[in-house]
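Commentary on secondary and tertiary structure
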Amino acid sequence: MKYYSFVLLKTGATKITDKDSVNRLFDGHMKNIQRLAKQKKLIVAGPFGKNERDYRGIFILNVKTIKEAEALLATDPAINAGLLISEITLWYGSAALPLYLEASKKVNKFEF
């Protein structure tokens, strides 16, 4: 068992009406996810379905402090633009969770 940073992504207050700008920011968001996964800093990521709580997705980061998680999240264009906001809490889970990345490569639609 070990500590990870659990991140809940929510809809941010920033509203951008230009679809091209929003698409660029979320393209950067996805590229950042892939980069962090390649570095083995991001172990789990995924979106939520539509809901009334403005929940957009989750990350489980392979870092054991909130400060480290904040530094990684600062590299995300959608978060920096305010389209997404994050809530971070420490989570104690299986030390084997990073092995998920290797298994995920076999079934995922994009490479890490």
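A brief structural summary. (Residues numbered from 1 in each chain as written. Predicted model: local features only at pLDDT ≥ 70, side-chain atom pairs only at ≥ 80, totals over all residues. Heavy atoms only, no water.)

1. Description of helix H1 (residues 19-38)
- The end-to-end C-alpha distance of H1, which contains 20 residues, comes to 28 Å, matching closely the 28 Å that a straight helix rising 1.5 Å per residue would cover.
- Within H1, the full set of buried residues consists of Leu-25, Gly-28, His-29, Asn-32, Ile-33, Leu-36 and Ala-37.
- Of the residues trailing H1, Lys-40 is marked for its positive phi of about 65°. (Helix = DSSP H or I, 4+ residues; strand = E, 2+ residues; numbered from the N terminus. Expected span 1.5 Å × (residues − 1). Buried < 20%, exposed > 50% of the residue type's maximum accessible area, 1.4 Å probe, protein only.)

2. Things to note about the packing of aromatic side chains
- Scanning the entire structure with this criterion turns up three aromatic pairs.
- Plain terms: the ring middles of Tyr-3 and Tyr-92 are 4.9 Å apart, the flat faces sit at 50° to each other, and that makes the pair tilted. Of the two residues, Tyr-3 is situated in strand E1 (residues 2-11) and Tyr-92 in strand E4 (residues 84-93); the sequence distance between them amounts to 89 residues.
- Tyr-3 gets classed as partly exposed once you look at its relative accessible area, which sits at 44%.
- In this structure Tyr-92 comes out as partly exposed when scored by relative accessible area, which is 46%.
- Residues Phe-48 and Tyr-55 carry aromatic rings whose centres are separated by 6.0 Å and whose planes lie at 45° to one another, so their mutual orientation is tilted. (Phe/Tyr/Trp six-rings, centres within 6.5 Å; stacked < 30°, edge-to-face > 60°.)

3. Some thoughts on the nonpolar core
- If you look at the biggest cluster of nonpolar residues, it comprises 15 residues, and the most contacted ones within it are Val-7, Leu-9, Leu-42, Phe-59, Leu-61 and Leu-73.
- Of all the secondary structure elements, the ones that give two or more residues to this core are E1, H1, strand E3 (55-61), helix H2 (66-73), helix H3 (77-80) and E4.
- No other element matches H2, which puts three residues into this core.
- If sequence neighbours within four positions are ignored, Leu-73 has contacts with Val-7, Phe-59, Leu-61, Ile-79, Ser-86 and Ile-88.
- Counting residues in hydrophobic clusters, the runner-up holds seven residues, among them Tyr-4, Leu-8, Ile-58 and Ile-60. (Core = buried A, V, L, I, M, F, W, Y, C linked by side-chain atoms within 4.5 Å. Contact = heavy atoms within 4.5 Å.)

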